[in-house]
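Structural overview
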Amino acid sequence: MTALIIVDVQRDFLPGGALPVPEGDAVIPVLNRIQTRYPLVALTQDWHPPDHLSFASQHPGRRPLERIELDGLEQVLWPDHCVWNSPGAALADALDTGRAAAIFRKGMDRRVDSYSGFFDNGRRRKTGLAEWLRGLGVTEVHVAGLAADYCVAYTARDAAELGFRVAILEDATRPISAAGFAQIAAELRQRGVRIGSSDSVRPG
Ligand code: VGL
Ligand code: ZN
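Notes on the structure follow. Since the model is a prediction, treat every value here as computed from it, not as a measurement.

This part covers the site of ligand 1. Residues in contact with ligand 1, as listed here, are Asp8, Phe13, Asp46, Trp78, His81, Tyr115, Leu146, Ala147, Tyr150 and Cys151. Here a nitrogen atom of ligand 1 and a side-chain polar atom of Asp46 are 3.1 Å apart. Within the backbone of Ala147, an N or O atom sits 2.9 Å from an oxygen atom of ligand 1. Protein coverage of the free-state accessible area of ligand 1, which is 260 Å², stands at 100%. A per-class count over the shell around ligand 1 returns seven nonpolar, one polar and two charged.

A separate point is helix α1 (residues 27-34). Restricting attention to buried positions, one finds in α1 the residues Val27, Ile28, Val30, Leu31 and Ile34. Relative to the axis of α1, the buried residues are bounded by an arc of 165 degrees and lie together on one face. The inward-facing, buried residues of α1 contact β1 (2-7), β6 (140-146) and β7 (165-174).

With that settled, consider the packing of aromatic side chains. Applying the stated criterion across every chain, the model contains five aromatic pairs. Consider the rings of Trp78 and Tyr150, whose centres lie 5.0 Å apart with planes at 90 degrees: the pair is edge-to-face. Of this pair, Trp78 sits in the loop between β4 (73-76) and β5 (102-106) while Tyr150 sits in helix α3 (residues 148-161), and the two are 72 residues apart along the sequence. On the basis of relative accessible area, Tyr150 is assigned to the buried category, the value being 17%. When the ring of Phe104 is compared with that of Trp132, the centres are 5.3 Å apart and the planes differ by 65 degrees; the resulting orientation is edge-to-face. With Phe104 in strand β5 and Trp132 in helix α2 (residues 129-135), this pair connects stretches of sequence that are 28 residues apart. Here the aromatic cluster, defined as three or more aromatic residues joined through ring pairs, consists of Trp78, Tyr115, Tyr150 and Tyr154. A cation sits over an aromatic face here: Arg105 above Trp47, 3.7 Å from the ring centre.

Attention now moves to helix α4 (residues 178-190). Its 13 residues give α4 an end-to-end C-alpha distance of 19 Å, which sits within 8% of 18 Å, the value for a rise of 1.5 Å per residue. If you check which residues of α4 are buried, you get Phe181, Ile184, Ala185 and Leu188. The arc that holds every buried residue of α4, seen down its axis, measures 115 degrees, which confines them to one face. Looking at α4, the residues exposed on the side facing more than 90 degrees away from the buried face are Ala179, Gln183 and Gln190. On its buried face, α4 sits against α3, β7 and β8 (194-196). Gly192 lies just past α4 and shows a positive phi near 90 degrees.

Quick look at the coordination of the zinc ion (ligand 2) now. The zinc ion (ligand 2) binds to the protein through Asp46 (OD), His48 (NE2) and His81 (NE2), with metal-donor distances spanning 2.0 to 2.2 Å. For the zinc ion (ligand 2), the four donor atoms in the first shell make angles of 88 to 168 degrees at the metal, a pattern classed as irregular.

Cut-offs applied
- Residues numbered from 1 in each chain as written.
- Chains lettered and ligands numbered in written order.
- Predicted model: local features only at pLDDT ≥ 70, side-chain atom pairs only at ≥ 80, totals over all residues.
- Heavy atoms only, no water.
- Near = heavy atom within 4 Å.
- Polar contact = N/O pair within 3.5 Å; in protein donor to acceptor, adjacent residues only side chain to side chain.
- Areas by Shrake-Rupley, 256 points an atom, 1.4 Å probe, with all protein chains shown as cover.
- Nonpolar A, V, L, I, M, F, W, Y, C, P; charged D, E, K, R; others polar.
- Buried < 20%, exposed > 50% of the residue type's maximum accessible area, 1.4 Å probe, protein only.
- Helix = DSSP H or I, 4+ residues; strand = E, 2+ residues; numbered from the N terminus.
- Arc of directions from axis to C-beta.
- Contact = heavy atoms within 4.5 Å.
- Phe/Tyr/Trp six-rings, centres within 6.5 Å; stacked < 30°, edge-to-face > 60°.
- Lys NZ or Arg CZ within 6 Å of the ring centre and 35° of its normal.
- Expected span 1.5 Å × (residues − 1).
- Donors = N, O, S within 2.8 Å, 3.2 Å for Na, K, Ca; no water.
- Tetrahedral: all angles 85-135°; square planar, octahedral: opposite > 155°, others 65-115°.

Interpretation in functional terms is not warranted from these geometric data alone.
Right under this line is the structure:
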């Protein structure tokens, strides 16, 4: 069975939000249209405490997009975004969530960022997504949402490593940086991740 994983389609990642992904809102009509093709749809939601250490505001003198070392891991500093229970953390208003079987939240531990829907960036803790998918008989996942070069790419990479067949739906994702996505996409293809349009990559 193939599941659709919709990553972080939240207000803060849309134009006008705290960490806007260029054209981020363009993924929504595509996702609404293709969801009915999938027997199983899961969502992820970036969900940070207000003092999360990925926020530049927690590091005096630092600014968003600078890189630091955090607990032994390289960390990009972000503007404050997706603060739990804040309006910006809400799923996009226009996203049809009626068919979603579950929402996996991530990023709650202030000391470690969590791009992937499966693990935190240090791979110290699981979200339970892999076990949930396997328990339902899922062998293939199609990943889409925001942002292509961060949470979508990390989710696809981990899914491949966990043994799922994986595709990224190009027309249902947008990157923060196009160059960044091109680089990580090459790496993902080498790991067997397919990257194609939602019309060419169909659920198996
Ligand atoms: C994301 C940066 C920080 C994402 C989340 O959803 O891609 N990017 N937090
Ligand atoms: Zn985040």
